[in-house]
Amino acid sequence: MNPYKKRLKKWFSPFEESVSASRLHKMMRISIIAGATGMPWLVTFLPGYILNVFFKNYLGGSAFLLGLMVALIHFTNFGHLAAIYIYARLKTIKTFWWICHLLHRMLGFVPALICIYVIHGGDVYTARIIMIVTITLSFFISNISSSGWFAWMGVLVPANIRASFFTRRIAISNIVSILWFFLVTMALDVQNQHALSVFAVIFFFAGIGGVVDIALHVFIRERLSEPKPPIQLSLFLEPLKNKNFRYFALAYALYMFSFNILNPFLGPYLTAEEGIGAPNIWLGILVMIIQLTTIATLSQWGLVMDRVGRKPVALIGSLAFIANVGWFFLTPQNYIFIVPVIAFVTGALNPAFVEGINQLMLTITPDKNKTTFVGWFMAIVGIANGAGSLLGGILYDIFSSVHMTVTPWLILDSFHMVALINITLCALSLIILVRIHEGGEKPIGFVVSRLATPGIVKTFSSMAIISRPKSSLKVAKALSELEGYSGSFAVSDVLARLDDPDPDVREEAARALGRTKSLEGVEALILRLLDPTSTIRIVSANALGNIGDERAVPALIQALNTGSEDLKEACIKALGKIGGTESVSHLIKLLQEENSERIKTQSADAVARHGVFEAAYEILPLMHQTRNPVLRRQLAISLANLMGRPGEFYKDLTSENVAFGNRINRLFTEALRSLAMIEKTKKIPKNELVNQLRSIQNTLESEKYLKTLDQFLSLIKSLVSISLQKEIKDDEALLYYVIYRNVKLGMLLWFVQEINAFGQKSINEDILKTDLLLIMFFIASLKAEEV
């Protein structure tokens, strides 16, 4: 056999063996290059700005004829149903697809000949008919085979990188699209008097690019798929029996029907004299902004789809129709300002919808009968697109006499009436889009809340580093910058870094899971916490505490009994943050058992977060017994958090540069206001409690600390009597009774009694000052309803 024929046969034959990663990426790169090469053909001949402007503004086609041409192009999507039968009888996809698409792209040279025909005096009406027939035939040939490409790529490219691959392919193609579109519109403005000649050149070079695109696909192999079942009516109709697919196809069809009512007329309206009358270059500017925004957002949308599902991204993208509101306010005077806004909104949201729908289609369709599902999908959507375009053309002509001046800057004509129908129907189609079921997708609210966070841009830039082979320093830095809810998009990449060979990367990955409160990371962090050989046990414990999921509690308790003191401290902190009955009971147990002061102090801090007053019975004696001033202050803060306003006492205790007298005076001022409010609310004689406190202040200023404690005890007993509305002489009975009736006030009484007893045994001025600050803080924190 001729070596060239042998090589060609090899390239058109499917392969059975598993493809290596390098070989797969080489074929993916060829696909990306091919897509970029063929983009000028698609930009030029797909129903859009260039084709529609040429047909309506330069060949003189009416709105109805333009709508008819676009409708016929879309109606050729019926060819996808024929593709189901054709591909069921073929052993491979590639050969048939390649031949059909080569013919499809070669027909792109015919419009160039049409331009030459009209330039030389040919009948314009005949030119329009030939144009409609040629473009329709070209797309029919394409559509009887194009579903095979999706099935081909769907099998070749693994699902976990499919969305990222497609979005990258489109992003690069869009760069070419921008350059081509800008060049085309600029040439039309510069050589406007020779517009048909310019169009002839445009069509010719677009045709060359389209043919090269298909030729490059020779080098992309086809993976051998499972044998196809013989075509049967049941298999042919299977998509119509699938409820989820019906909802999906109907929702998308309705949306595209609504979209195409207006879309064919945007370009002609913007550039026509009877419309806005903008130069053709503004089509290029419009498309350039759309494409640049698409390029900037497309890879990010792909990352989001791979992590949260296709449906929520498609739903967000479906809001792109809101940009059409801007066309109502467009005038020949302001289009230079409004067109960029319309383009930016469209470019930011439309790729999310288009790629979300495409990837959703590949996700919800079964592999065994995927070609049939894709064929039906294309056919249904084609009917909707065609019907929308045809109806849009009819409506445009029906409303041709409409001209209403709503305000000096809002004038409605036939274009705006069609736009109003478009926006209304797009909004209604969202109701059906919501009912599509993908399986495993995140709720739309979850995705929107993450995308709306200020750190979303930083998250995406970090994800681009974390998910790719970069230096450990760069990866660790990127992980350290992940924070907030938006960081949850990167969970899968962060989880993979928990086993990174670099210890700093592993630690930053665990910290990132904690900062982003990633519930998906709980199980992985538990495994590292309980692994005695892991170097990130402490970091994992801290991360689990930040996440706050109660699933981690048993593991944290288990790690308490097996790890170092540093690990125990981290586990205690985590238990305190998570809370719950099991956590709190174990923390109290740690306070009661024989443990180091460090462990007990950390336990006190943790349990104080949850308002468990009985923990004070363990914390206060420990605070008085420890010789470590740092631990003593930490325990004092724990008591304050337990019995007063959490977090407030820290500044009073740690203000080392503020004299004790100034700190206590500030608390006295707050306490006086608190007692005055209690007097007013409880209808106590004015200044009865206030005067007691002022007397205490005078005693304290004389540095008579023990007497101050006695006076405080009398004041607290007065508050207790007010609360109980009775007097009990026996101190022990009083304490039990008030704790039963008013636990917070009872604990305050107990606290002052204990401090009084301690002061009688050991006069330590530093400890007494801390005790007095605590008492004043508790009184200042009292509310009238708590007495």
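Our structure is the block above this text.
Scope of this entry: the structure provided in the associated data block. Predicted, not measured: the structure shown is a model, and the values here were computed from it.

Next up on the list: the overall build of the protein chain. Looking only at helices and strands, the protein chain has 40 helices and two strands in total. Sequence-distant contacts, at least 24 apart, represent 76% of the contacts inside the protein chain between residues at least 6 apart. Accessible area for the protein chain stands at about 34,400 Å²; split by element, carbon and sulfur atoms hold 61% of it.

This part is about a positive patch on the surface. There is a patch of like positive charges on the surface, built from Arg168, Arg468, Lys470 and Lys474. Within the fold, Lys470 resides in the loop between α22 (456-466) and α23 (472-480). Look at Lys470 and you get partly exposed, because its relative accessible area is 45%.

Over its 25 residues, helix α2 (residues 21-45) runs 35 Å from end to end, which matches the ideal 36 Å to within 8%, given 1.5 Å per residue. Residue Gly38 marks the point of greatest curvature in α2, where the axis turns by about 40°; the proline Pro40 follows within four residues.

On to empty space enclosed by the protein. Under the counting rule described, the total for this entry stands at two cavities of 30 Å³ or more. In this model, the second largest cavity occupies a volume close to 30 Å³. Surrounding the second largest cavity, Met643, Lys744, Leu748, Phe778 and Leu782 form its lining. Considered class by class, the residues forming the lining of the second largest cavity number four nonpolar, no polar and one charged.

With respect to the helices and strands, Arg632 occurs in helix α33 (residues 629-643). Excluding residues within four positions of it along the chain, Arg632 makes contact with Met623, Thr626, Arg627 and Ile767.

One non-glycine residue, Lys517, adopts positive backbone phi at about 50°. Along the chain, Lys517 falls in the loop between α25 (503-515) and α26 (522-530). Judged by relative accessible area, Lys517 falls into the partly exposed class, the value being 43%. Despite not being glycine, Asn687 has its phi angle at roughly 70°, a positive value. Tracing the sequence through the fold places Asn687 in the loop between α35 (660-682) and α36 (688-701). Relative accessible area serves as the criterion here: at 28%, Asn687 is assigned to the partly exposed category.

With that out of the way, let us pick up the environment of Ile129. By secondary structure assignment, the location of Ile129 is in helix α8 (residues 124-143). The class of Ile129 is partly exposed, set by a relative accessible area of 37%. Residues Ile129 and Met69, spaced 60 residues apart in sequence, show a C-alpha to C-alpha distance of 9.4 Å.

A word on the packing of α2 against helix α10 (residues 159-190). Relative placement of two packed helices is described by the angle separating their axes and the distance separating the axes. The geometry of α2 relative to α10 is characterised by a closest axis approach of 8 Å and an angle of 40° between their N-to-C directions. Classed by the angle they form, the pair α2 and α10 counts as oblique. In this structure, α2 meets α10 at a crossing whose hand is right-handed. Between α2 and α10, the contacting residues are Met28, Ser31, Ile32, Gly35, Ala36, Met39, Pro40, Val43 and Thr44 on the first element and Ile161, Phe165, Arg168, Arg169, Ile172, Ser173, Val176, Ser177, Trp180 and Phe181 on the second. For the contact of α2 with α10, the class distribution of residues is twelve nonpolar, five polar and two charged.

In total, this model carries eleven salt bridges according to the counting rule given. For the salt bridge of Asp500 with Arg497, the shortest nitrogen-to-oxygen distance reads 2.8 Å. In this structure, the salt-bridge partner of Arg598 is Asp566, at a minimum N-O distance of 2.4 Å. Of this pair, Arg598 sits in helix α31 (residues 597-608) while Asp566 sits in helix α29 (residues 565-578), placing them 32 residues apart in sequence. Residue classification places Asp566 among the partly exposed positions, given a relative accessible area of 40%. Shared partners join several salt bridges into a network, and the residues in it are Glu507, Glu508 and Arg511.

On to the packing of aromatic side chains. Summed over the entire model, instances satisfying the criterion amount to 22 aromatic pairs. Ring plane angle 5° and centroid distance 5.1 Å describe the contact between Phe248 and Phe377, whose orientation is recorded as stacked. With Phe248 in helix α14 (residues 243-262) and Phe377 in helix α19 (residues 370-398), this residue pair connects regions lying 129 residues apart in the sequence. Since its relative accessible area comes to 0%, Phe248 is described here as buried. A relative accessible area of 2% means that Phe377 is categorised as buried. Judged by centre distance (5.6 Å) and plane angle (40°), the rings of Tyr252 and Phe353 are tilted. Note that Tyr252 is positioned in helix α14 and Phe353 in helix α18 (residues 335-364), a separation of 101 residues in sequence. With respect to burial, Tyr252 and Phe353 carry one shared label: buried. Linked through ring pairs, Trp41, Phe45, Phe54, Tyr58, Phe139, Phe199 and Phe203 together constitute an aromatic cluster. Above the face of the Trp41 ring, Arg105 is positioned so that its terminal group lies 5.1 Å from the ring centre.

Conventions and cut-offs
- Residues numbered from 1 in each chain as written.
- Predicted model: local features only at pLDDT ≥ 70, side-chain atom pairs only at ≥ 80, totals over all residues.
- Heavy atoms only, no water.
- Helix = DSSP H or I, 4+ residues; strand = E, 2+ residues; numbered from the N terminus.
- Contact = heavy atoms within 4.5 Å.
- Areas by Shrake-Rupley, 256 points an atom, 1.4 Å probe, with all protein chains shown as cover.
- Patch = residues over 30% accessible without salt bridge, like charges linked within 9 Å, V, L, I, M, F, W, Y side chains within 5 Å.
- Salt bridge = Lys/Arg side-chain N within 4 Å of Asp/Glu carboxyl O.
- Lys, Arg positive; Asp, Glu negative; His and termini not counted.
- Charge placed at Lys NZ, Arg CZ, Asp CG, Glu CD.
- Buried < 20%, exposed > 50% of the residue type's maximum accessible area, 1.4 Å probe, protein only.
- Expected span 1.5 Å × (residues − 1).
- Bend = angle between axes of the 7 residues up to and from the residue.
- 1 Å grid on protein atoms, 1.4 Å probe; cavity = no way out; pocket = protein on both sides within 12 Å on 5 of 7 lines; lining within 4 Å.
- Points joined across faces, edges and corners; volume = space filled by probe spheres on them.
- Nonpolar A, V, L, I, M, F, W, Y, C, P; charged D, E, K, R; others polar.
- Axes fitted to C-alpha atoms, helices over the stretch in contact; angles between N-to-C directions.
- Parallel < 35°, antiparallel > 145°, perpendicular 65-115°, else oblique.
- Left-handed = near helix turned anticlockwise from the far one by under 90°.
- Phe/Tyr/Trp six-rings, centres within 6.5 Å; stacked < 30°, edge-to-face > 60°.
- Lys NZ or Arg CZ within 6 Å of the ring centre and 35° of its normal.

Keep in mind these numbers describe shape, not what the thing actually does.
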